[in-house]
Amino acid sequence: MTGRAKNTRTQDKKAAKQAGRKLMYEGHAWAGIGVGLLMFIVCFSGVVALFAPELAIWEDARLRQVDAAADYKIHDAVEMATGMHKGKANVAFVLPPEPFNPMVRVYLREGEKEPTIYNFDPATGEFAYISDDGLAHFLAHMHTDLHLPSPWGRYLVGLMGVVLMFSIITGVIIHKKILKELFSFRVGRSLRLLITDSHKAMSVWALVFHAMIGFTGALLGLSGILLLIAAGAAYRGDVGAAQEAVIGTPPPITGEAADMINLDGLVSRALQAQPGTYMTSAFVGNLGDKNAYVEIALDDTPGARQALAPRGSETFHAVTGDHLKSKDWHASGIGMRLYYSIAPLHYATFGGVALKVLYAFLGISTSMLSVSGVLLWMERRTGRKGAEAARSYRWLSALSVGVCGGMMVATVGAFWAHTIALVLGLEHSEAVVASSYFSLWLAAIIYAFLRTDAYRTTRHMLQLAGFGALAVPALNGLATGDYIVKTISDGLWPVATVDIVMLLVGAAFLYSGRKIPLSRPMATHRSRAPQTAE
């Protein structure tokens, strides 16, 4: 082969490589601009959802007076709940007392209806009240399904996990000097460089976290679709067989009524079968039927946990007491251990509050990746086509500020709405929270479009959210009498944690708002950029 032919071949390879990288760059950019704001919604709501257990006891002062360490029984609680329930429940789900919710909770469900939650005092066994889903439930579901119809909301959230993974892969490919960019942060230069360096720094420093959240989020959200794929690939389209391989097949309903034996005795047998464990939940299927069964989920006792995956479960016939199945995920191979590690990894349920705080900081960086990506896309296209680009910039910036800033305002407003509903004695507090949340969010979006300066609007929203967050602990104290000093001195750390986090969040919002310029720094752009961009 001649030297000229070699050079031609080398140039062709180089051109093909450059074309491939350009394709990856365009894919990375359009993935961000296409769903960037939706990605922010999912990620920011995920940061809030991390603290849903703490929010449950923060929003319900009745839980603060109950001893979570008291001995408890579940059989009488299930029987009383079934007797009080209006309707024919076919499923009962029991949660034992825990630090963030010290009640014995019995969820009764009829078919696909929303469950009714009965709460019992663990010390006396007496019925306490029926729960009204409120702030914690609303904010948690904002992340898991965006309050969209099932299963489409969960699928959409899962799809965002796939998009995040795609963005990570393409981002790593197009940035060849990824290690150098760990320390590249050019302060005092142009706005575009500031956004670029911020985007790269947040991407690289938390790369492993972003990848883990995207991967586990995709698996959790798209589990229904993945089950169909697994059924087609490994079980010739038999979804039932695929489901049985993972969770087993329950006994069929006979239609004949029968009383259950004492469930507490079955719990004792489950604990004996897997020593060193405790009950995390009990699921009663075919409730009231002759073929009722109970699956008792188990995990290693606190302080002795050796894996992310829970320990396993023991299943019994709830009428005859016969042992039906035993599951030990720690002895079931690496595949099942990984499968059951997905949820703990995604929701940080294995490391206490300190880990949740770390997840929250990293989750905020994931949220800001979406925002910075949209901003970077806009800045690179500003001034290229005169007035048309200026109008596009204004509309996209208004939408970004309205959606992102408005969500922060709406989230803080939800705390206010819940507290006001509590003081006024309003029922169905979740409806009050939901209507307030979406009304504030819509108002913020409208406000952003009515304003002509996105930077000033951003400052206003951060200030509003900041002052609102700083006032939340005082509102809680006025409504319940549990001021932050009292909750700390009484050891009510879940309540104190929420109040402290709100103070920190409020301070962070106000500090960020103060650093936002009142108008876009036009001098940092090319001279041909239109001066009417805002």
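Before reading further, recall that the structure is shown in the block above.
Figured I'd write up the structure that's included with this text. (Residues numbered from 1 in each chain as written. Predicted model: local features only at pLDDT ≥ 70, side-chain atom pairs only at ≥ 80, totals over all residues. Heavy atoms only, no water.)

As a further point, take the overall build of the chain. Helices and strands together make up the secondary structure of the chain, namely 18 helices and eight strands. Counting the 534 residues in the chain, one finds 45% classified as buried. Restricting the contact set of the chain to residue pairs at least 6 apart, pairs at least 24 apart contribute 67%. Total accessible area computed for the chain in this model is approximately 27,000 Å², and 64% of it derives from carbon and sulfur atoms. (Helix = DSSP H or I, 4+ residues; strand = E, 2+ residues; numbered from the N terminus. Buried < 20%, exposed > 50% of the residue type's maximum accessible area, 1.4 Å probe, protein only. Contact = heavy atoms within 4.5 Å. Areas by Shrake-Rupley, 256 points an atom, 1.4 Å probe, with all protein chains shown as cover.)

This part takes up the nonpolar core. By size, the foremost hydrophobic cluster in this structure holds 55 residues, and its most contacted members are Leu135, Leu139, Phe415, Tyr437 and Trp441. Those elements that provide at least two residues to this core are α1 (3-49), α2 (52-59), α4 (135-144), α5 (152-174), α14 (387-424), α15 (429-450), α16 (454-480) and α18 (493-515). Considering each element in turn, this core owes the most residues, ten residues, to α14. Not counting the four nearest positions on each side in its chain, Leu139 is found in contact with Ser45, Val48, Ala49, Leu55, Phe415 and Tyr437. Listed in part, the 28 residues of the second largest apolar core include Ile74, Ala77, Phe120 and Ala292. (Core = buried A, V, L, I, M, F, W, Y, C linked by side-chain atoms within 4.5 Å.)

Take empty space enclosed by the protein next. Space left empty within the atom packing is revealed by a probe, the size of a water molecule, rolled over the atoms. This model, assessed by the stated rule, comprises four cavities of 30 Å³ or more. For the largest cavity, the lining is made up of 26 residues, of which Val42, Gly46, His143, Ile213 and His346 are closest to its centre. If you list the elements that add at least two residues to the lining of the largest cavity, you get α1, α4, α5, α7 (207-221), α12 (342-347) and α13 (352-381). With seven residues, the top contributor of residues to the lining of the largest cavity is α7. (1 Å grid on protein atoms, 1.4 Å probe; cavity = no way out; pocket = protein on both sides within 12 Å on 5 of 7 lines; lining within 4 Å. Points joined across faces, edges and corners; volume = space filled by probe spheres on them.)

A side chain of one charge can pair with a side chain of the opposite charge if their charged atoms are brought near each other. All chains considered together, the criterion is met by eleven salt bridges. Note that Lys356 and Glu54 form a salt bridge whose closest N and O atoms lie 3.2 Å from each other. One end of the pair, Lys356, is in helix α13; the other, Glu54, is in helix α2, and 302 residues separate them in sequence. What emerges from the salt-bridge pattern is a single network uniting Arg64, Asp482, Lys486 and Asp490. (Salt bridge = Lys/Arg side-chain N within 4 Å of Asp/Glu carboxyl O.)

You can see Gly373 is positioned in helix α13. According to the relative accessible area criterion, Gly373 is partly exposed, its value standing at 21%. The sequence separation of Gly373 and Leu37 amounts to 336 residues, and the corresponding C-alpha distance is 9.8 Å.

Attention now goes to α15. Look at α15: 31 Å from first C-alpha to last across 22 residues, which is about the 32 Å you get at 1.5 Å a residue. Inspection of α15 places Ser429, Glu430, Val433, Ala434, Tyr437, Trp441, Ala444 and Ala448 among the buried residues, and these make up the whole buried set. Taken end-on, α15 shows its buried residues confined to a sector of 140 degrees, consistent with a single buried face. Opposite the packed face of α15, turned more than 90 degrees from it, sit the exposed residues Leu442 and Leu450. (Expected span 1.5 Å × (residues − 1). Arc of directions from axis to C-beta.)

We now examine the side chain of Thr457. Note on placement: Thr457 falls in helix α16. Only 2.9 Å separates the side chain of Thr457 from the backbone oxygen of Asp453, close enough to count as a polar contact. Excluding its chain neighbours within four sequence positions, the residues that come into contact with Thr457 are Val401, Tyr447, Ala448 and Arg451. (Polar contact = N/O pair within 3.5 Å; in protein donor to acceptor, adjacent residues only side chain to side chain.)

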